Amino acid sequence: MTKMWVSLIGIGLMALAALLITWARYKFKGVIRFIMSSVAFVCLIVGGILGFISII
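Numbering of residues starts from 1 in every chain and runs along the sequence as written. Local features in this predicted model are restricted to residues whose pLDDT is 70 or higher, and side-chain atom pairs enter the listing and the counts only when it is 80 or higher, whereas totals over whole chains, interfaces and linings include all residues. Hydrogens are left out, water is left out, and the side-chain values use all remaining heavy atoms of the structure.

Chemist: Please clarify how the overall build of the protein should be interpreted in this entry.
Modeler: In terms of regular secondary structure, the protein is built from two helices and zero strands. Computation of the radius of gyration draws on C-alpha atoms, with the globule rule given as 2.2 Å multiplied by the number of residues to the power 0.38. The C-alpha atoms of the protein give a radius of gyration of 13 Å, which is well past the 10 Å a tight globule of 56 residues would have. Dimensions along the principal axes, computed over C-alpha positions, put the protein at roughly 40 × 15 × 10 Å. In this analysis, two residues are considered to be in contact whenever any of their non-hydrogen atoms come within 4.5 Å of each other. Of the contacts made within the protein by residues no fewer than 6 positions apart, 62% connect residues no fewer than 24 positions apart. For accessible areas, the Shrake-Rupley method is used with a probe of radius 1.4 Å. Any residue's cover is judged against the shown protein chains and nothing else. In the structure as shown, the protein presents an accessible area of about 4,300 Å², 81% of it carried by carbon and sulfur atoms. Secondary structure is summarised from DSSP: a helix means a run of H or I of at least four residues, a strand means a run of E of at least two, and numbering begins at the N terminus for each.

The following block contains the structure:
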């Protein structure tokens, strides 16, 4: 049951990363765009790690 929750959180973080990067590219410019893209990248990495952990 715990693996299911870890996997669900990982999938959610990857979806959030996709939404953040799309939103950042269309709405923002400059430093704010870089910050939003960095947050999206961190969410993607953490989601990937959680997804990998749920497989093990």
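Chemist: It is not clear to me how a nonpolar patch on the surface should be interpreted in this structure. Could you clarify?
Modeler: Residues form patches when they are more than 30% accessible in relative terms and have no salt bridge. Like charges link within 9 Å. Nonpolar side chains (Val, Leu, Ile, Met, Phe, Trp, Tyr) link within 5 Å. Within this document, salt bridges are pairs made up of a side-chain nitrogen of Lys or Arg and a carboxyl oxygen of Asp or Glu, the two lying within 4 Å of each other. On the surface, a nonpolar cluster with roughly 540 Å² of combined accessible area is contributed by Met14, Phe41, Leu44, Ile45, Ile49 and Ile53. Top contributing element to the nonpolar patch by residue count: helix H2 (residues 31-55), with five residues. By the secondary structure assignment, Ile53 is in helix H2.

Chemist: How should helix H1 (residues 2-27) be read in this particular structure?
Modeler: The end-to-end C-alpha distance of H1 is 37 Å, a good match for the 38 Å that 26 residues give at a rise of 1.5 Å each. Those residues of H1 hidden inside the fold are in contact with H2. Here, expected helix span is obtained from the residue count minus one, scaled by 1.5 Å.

Chemist: Whenever I open this one, H2 confuses me. Can you help?
Modeler: Each turn of an α-helix holds 3.6 residues, which means side chains three or four residues apart point in the same direction. With 25 residues, H2 should cover 36 Å at 1.5 Å per step; its first-to-last C-alpha distance of 36 Å lies within 8% of that length. By the burial criterion, the buried members of H2 are Met36, Ala40, Cys43, Gly47 and Ser54. Of the surrounding secondary structure, the elements contacted by the buried residues of H2 are H1. Exposed residues in this analysis have more than 50% of their type's maximum accessible area, buried residues have under 20%, and partly exposed residues fall in between, with area computed by a 1.4 Å probe over protein chains only.

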